[in-house]
Protein chains: 2
Amino acid sequence: MASIKDVAQRAGVSTTTVSRVLSTPQAVRAALRTRVEQAIAELAYRPNLAARRLRQRRASLVGLIVSDIRSPFFTDVGRAVEDVAYRHGLRLILCNSDENPAKEQSYLELMADEQASGVILSPTMQGLQQLRPEAWPFPLVLVDRALENTRVDRVVLDNQAAARRATEHLLQSGYRRIVLLAGAHSTTGQQRHAGHVQALAAAGLTPRPVWVEPTHRAGVQAAADVLAGPDRPDALLVTNGVLLLGALQAIQAAGLRTPHDIGLAGFDNNDWTALPALDVTTVAQPTYDIGRTAAELLLQRMQDATRPVRQVVLEGALVVRGSSVRSAPAPTLP
Amino acid sequence: MASIKDVAQRAGVSTTTVSRVLSTPQAVRAALRTRVEQAIAELAYRPNLAARRLRQRRASLVGLIVSDIRSPFFTDVGRAVEDVAYRHGLRLILCNSDENPAKEQSYLELMADEQASGVILSPTMQGLQQLRPEAWPFPLVLVDRALENTRVDRVVLDNQAAARRATEHLLQSGYRRIVLLAGAHSTTGQQRHAGHVQALAAAGLTPRPVWVEPTHRAGVQAAADVLAGPDRPDALLVTNGVLLLGALQAIQAAGLRTPHDIGLAGFDNNDWTALPALDVTTVAQPTYDIGRTAAELLLQRMQDATRPVRQVVLEGALVVRGSSVRSAPAPTLP
DNA sequence: TTGAAAGCGATACCAT
DNA sequence: ATGGTATCGCTTTCAA
């Protein structure tokens, strides 16, 4: 493995010059620069990152810690972050906390140990409550989930508005006994709950939220319980894609059909929701924009640690499909 | 940021002793060790990984480079690899090549730059053809995709047998005009094609393979073309989960119903395939086992570079559901 | 069992 | 514009 010394020797210059060719080429005379570049090519030299980091005391590397790597939402966000990072010569390390606060903590420590230049985090609820951004040696940007009073850059969906619109849509379709399946342990679940309650209140209706662990299994079980219980709802609104699939599974297992027997709408416009046989109404999130914006916020923060904290709020788009639209229109409200 | 010097000073020992407490605690007298450990705790000391790597010339870190981060197959594999790596004090870096040979190459170089201890790779076809395992400074284990004659450890599915069984199942259900939608640019697609052809040949039937880019869009398009073309097939077999969803989309868009109008089966037992309204017959892969085995092969190779190359072949399980079973049984073959 | 000191490979300061 | 040299923080001989 060739080192900077070997390159210097071969080019007949000092290691300093080689280093400069690598970092500030315009500071080296063209003739010398060419010789160095040739030596680099001939030796297939690659700088030792460990040595560089040791000296510079930071790595050209950003971390993305997500709560569920399987979610298309986060893979899309990840792709956007990677695109931006790559264009700025930063490497991306992807970590999956799996909704586990201990794992999340461990990955944040990994990032500190690796001397990451910055981290984008989709925190667990517990992690968010304990989060002390200033305690970490890197700038932090939150995505998807955040608390109002946390003093840290973030980009989130207008969850409340999106849930309100989805609920209003269900009401307009004539559904009245709506149950909300809300993902537990996340701020998004709470905010979507708030928007849902808001819309119901405006219509003079009482909310019926059910809080569910954000797993497929739990989604199936909770939906099945609700459907089998007393006063079966005439519609379900589900606050994330995983639970939405679970709810649909339970609906079909119970022999019910959307939109007639039951209305259905939910967050995350995953591929399968568009299948004609399912045709599920969803709230589509601007996933790529979310990731791109988060990466940009991080880059700006890396350049200026003192700039004011920014929150970017993006809008979701309601994709109306057959699962929430009854052929016979509901009677108009008074 | 406290360094090993600070710890040594506080504990009244040399840096050598601190280093030993960290790596070989039993080589330090209990009394001293306790003092050092206390100093470490008081200063919240964390070793500088860059310095350690620079000295040791390798990182306690393994890479997993997958071709599609969105696939549940790879996220399951990733989880297994992470579990094993974590238990052995190794960190995992997850990379997504996105079926792009250039990205794959770039990530392999990243791993070399990071001085990774080992890499698990699901290669693109082009990457596989050019792959020179001995050219990398780390041991390599292939998952999911491999060529017979590559001299490298690997763990793969018995793709041919699985495709043969799936095809035999379709034949037993009475389907005769079967079209195979096969993912292009992958050894798995080719091997599954081979198993399919084998089963058809045994039944005296002519294969009708269609090679498709492994994206959702391309899957929809290809299936739509096949369904609208002359001599419409009576069944589709699809070699991966992404294309399977696309095929189902096209089937439903064409107003066809499984299993009567058309039979359907495919690889990857993704969550949505179990929805009663879809009920798609699939080949389930032992994803966690694949990941665990790959990680174990890598660890063994890291310990002994000279051990013979091993290939582990795992079996898939055919999950028969309604999409491929006609209510009226087919006439028995002669 | 413990410590002194060399050295890993790069960068950054200070000369020239 | 270029080079000499100290230095980043740790591990690893080697000696005691």
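As the structure is a prediction and not an experimental result, all values here were calculated from the model.

1. Focus: the overall build of chain A
Now for step 1: Across its full length, chain A holds twelve helices and twelve strands.
Now for step 2: Per-residue burial over chain A gives 53% buried out of 334 residues.
Now for step 3: Once local pairs closer than 6 in sequence are excluded, the contacts in chain A between residues at least 24 apart make up 70%.
Now for step 4: In chain A, which carries 36 positive and 31 negative side-chain charges, the distance between the mean positions of the two groups comes to 7 Å.

2. Thoughts on the protein's contact with DNA strand D
Now for step 1: Neighbouring DNA strand D are 25 residues, the closest being T17 and R57 of chain A together with I4, Y45 and R55 of chain B.
Now for step 2: The sugar-phosphate share of atoms of DNA strand D within 4 Å of the protein amounts to 61%.
Now for step 3: T16 of chain A places a side-chain nitrogen or oxygen 2.9 Å from a base oxygen of DNA strand D.
Now for step 4: For the surface near DNA strand D, the secondary structure elements donating two or more residues are α2 (15-23) and α4 (49-56) of chain A together with α2 (15-23) and α4 (49-56) of chain B.
Now for step 5: With five residues, α4 of chain B is the largest single contributor of residues to the surface near DNA strand D.

3. A closer look at the environment of P207 of chain A
All names here are of chain A.
Now for step 1: Tracing the sequence through the fold places P207 in the loop between α9 (187-202) and β7 (208-212).
Now for step 2: Judged by its relative accessible area of 29%, P207 falls in the partly exposed class.
Now for step 3: For the pair formed by P207 and S173, sequence separation is 34 residues and the distance between their alpha carbons is 17 Å.
Now for step 4: In this view, P207 contacts V197 and L200; residues no more than four positions away in its chain are not counted.

4. What about the relation of the copies chain A and chain B?
Between the two chain copies there is a screw-like relation: a rotation about an axis and a shift along it.
Now for step 1: At an RMSD of 0.0 Å, chain A and chain B line up after a rotation of 180° and a shift of 0.0 Å along the axis. Accordingly, the operation relating the two chain copies is best matched by a two-fold axis. The rotation axis passes nearest to the C-alpha of A50 of chain A in chain A, at a distance of 2.3 Å.
Now for step 2: A shared binding surface is used by both copies, with 100% of the interface residues of chain A retained as interface residues in chain B.

5. Side note on the protein's contact with DNA strand C
Now for step 1: I4, S19 and R55 of chain A together with T17 and R57 of chain B are the nearest of the 24 residues found near DNA strand C.
Now for step 2: Contact between DNA strand C and T16 of chain A: a base nitrogen at 3.0 Å from a side-chain N or O atom of the residue.
Now for step 3: Going through the elements one at a time, α2 and α4 of chain A together with α2 and α4 of chain B are the ones with two or more residues in the surface near DNA strand C.
Now for step 4: Counting residues per element, the surface near DNA strand C draws most heavily on α4 of chain A, at five residues.
Now for step 5: Residue classes in the surface near DNA strand C are distributed as nine nonpolar, eight polar and seven charged.

6. Brief notes about the side chain of R192 of chain A
Residue and element names in this part refer to chain A.
Now for step 1: Here R192 is to be found in helix α9.
Now for step 2: Buried and without a salt bridge, R192 has D144 as its closest oppositely charged side chain, separated by 4.3 Å.
Now for step 3: In this structure R192 touches D144, L157, N159, A163, T239, F267 and Q285, once residues within four positions along its chain are discounted.

7. Here we look at the packing of helix α1 (residues 4-11) of chain A against α2 of chain A
When two helices pack together, their arrangement is given by the angle between their axes and by how far apart the axes lie.
Residue and element names in this part refer to chain A.
Now for step 1: Packing of α1 against α2 leaves a shortest axis separation of 8 Å and a crossing angle of 105°. In terms of orientation, α1 and α2 fall into the roughly perpendicular class. In contact with I4, K5, V7 and A8 of α1, α2 contributes T15, V18 and S19.
Now for step 2: Of the residues in the contact of α1 with α2, the class split is four nonpolar, two polar and one charged.

8. Comments concerning the UniProt feature "domain: HTH lacI-type" (unreviewed entry) in chain A
Now for step 1: UniProt records the feature "domain: HTH lacI-type" (unreviewed entry) at residues 2-56 of chain A, using the numbering of this structure.
Now for step 2: Helix makes up 71% of residues 2-56 of chain A and strand 0%, whereas the separation of the span's terminal C-alpha atoms amounts to 21 Å.

9. A closer look at the environment of Q126 of chain A
Residue and element names in this part refer to chain A.
Now for step 1: Tracing the chain through its elements places Q126 in helix α7 (residues 125-130).
Now for step 2: Take Q126: its relative accessible area is 41%, and that puts it in the partly exposed class.
Now for step 3: In this structure, the C-alpha to C-alpha distance between Q126 and H185, residues 59 residues apart in sequence, is 7.7 Å.

10. Quick notes on the pattern of salt bridges
Note that side chains of opposite charge can pair when their charged atoms are close.
Residue and element names in this part refer to chain A.
Now for step 1: Applying the stated rule across the entire model yields 36 salt bridges over all chains.
Now for step 2: Note that D231 is salt-bridged to R177, the shortest N-O span being 3.4 Å. Of the two residues, D231 is situated in the loop between α10 (216-228) and β8 (235-238) and R177 in the loop between α8 (159-172) and β6 (178-183); the sequence distance between them amounts to 54 residues.
Now for step 3: With relative accessibility at 38%, the residue R177 sits in the partly exposed group.

11. Remarks on helix α12 (residues 287-303) of chain A
The periodicity of an α-helix, 3.6 residues per turn, causes residues three or four places apart in sequence to face the same way.
Residues and elements named next belong to chain A.
Now for step 1: The end-to-end C-alpha distance of α12 is 25 Å, a good match for the 24 Å that 17 residues give at a rise of 1.5 Å each.
Now for step 2: T287, I290, G291, T293, A294, A295, L297, L298, L299 and R301 are the residues of α12 that are buried.
Now for step 3: Buried residues along α12 sit in contact with β1 (61-66), α5 (72-87), β3 (118-121), β4 (140-143), β5 (153-157) and β11 (311-314).

Criteria and cut-off values
- Residues numbered from 1 in each chain as written.
- Chains lettered and ligands numbered in written order.
- Predicted model: local features only at pLDDT ≥ 70, side-chain atom pairs only at ≥ 80, totals over all residues.
- Heavy atoms only, no water.
- Helix = DSSP H or I, 4+ residues; strand = E, 2+ residues; numbered from the N terminus.
- Buried < 20%, exposed > 50% of the residue type's maximum accessible area, 1.4 Å probe, protein only.
- Contact = heavy atoms within 4.5 Å.
- Lys, Arg positive; Asp, Glu negative; His and termini not counted.
- Charge placed at Lys NZ, Arg CZ, Asp CG, Glu CD.
- Near = heavy atom within 4 Å.
- Polar contact = N/O pair within 3.5 Å; in protein donor to acceptor, adjacent residues only side chain to side chain.
- Least-squares fit on C-alpha atoms with pLDDT ≥ 70 in both.
- Nonpolar A, V, L, I, M, F, W, Y, C, P; charged D, E, K, R; others polar.
- Salt bridge = Lys/Arg side-chain N within 4 Å of Asp/Glu carboxyl O.
- Axes fitted to C-alpha atoms, helices over the stretch in contact; angles between N-to-C directions.
- Parallel < 35°, antiparallel > 145°, perpendicular 65-115°, else oblique.
- UniProt positions renumbered as here; feature names shortened; annotations may be inferred.
- Expected span 1.5 Å × (residues − 1).

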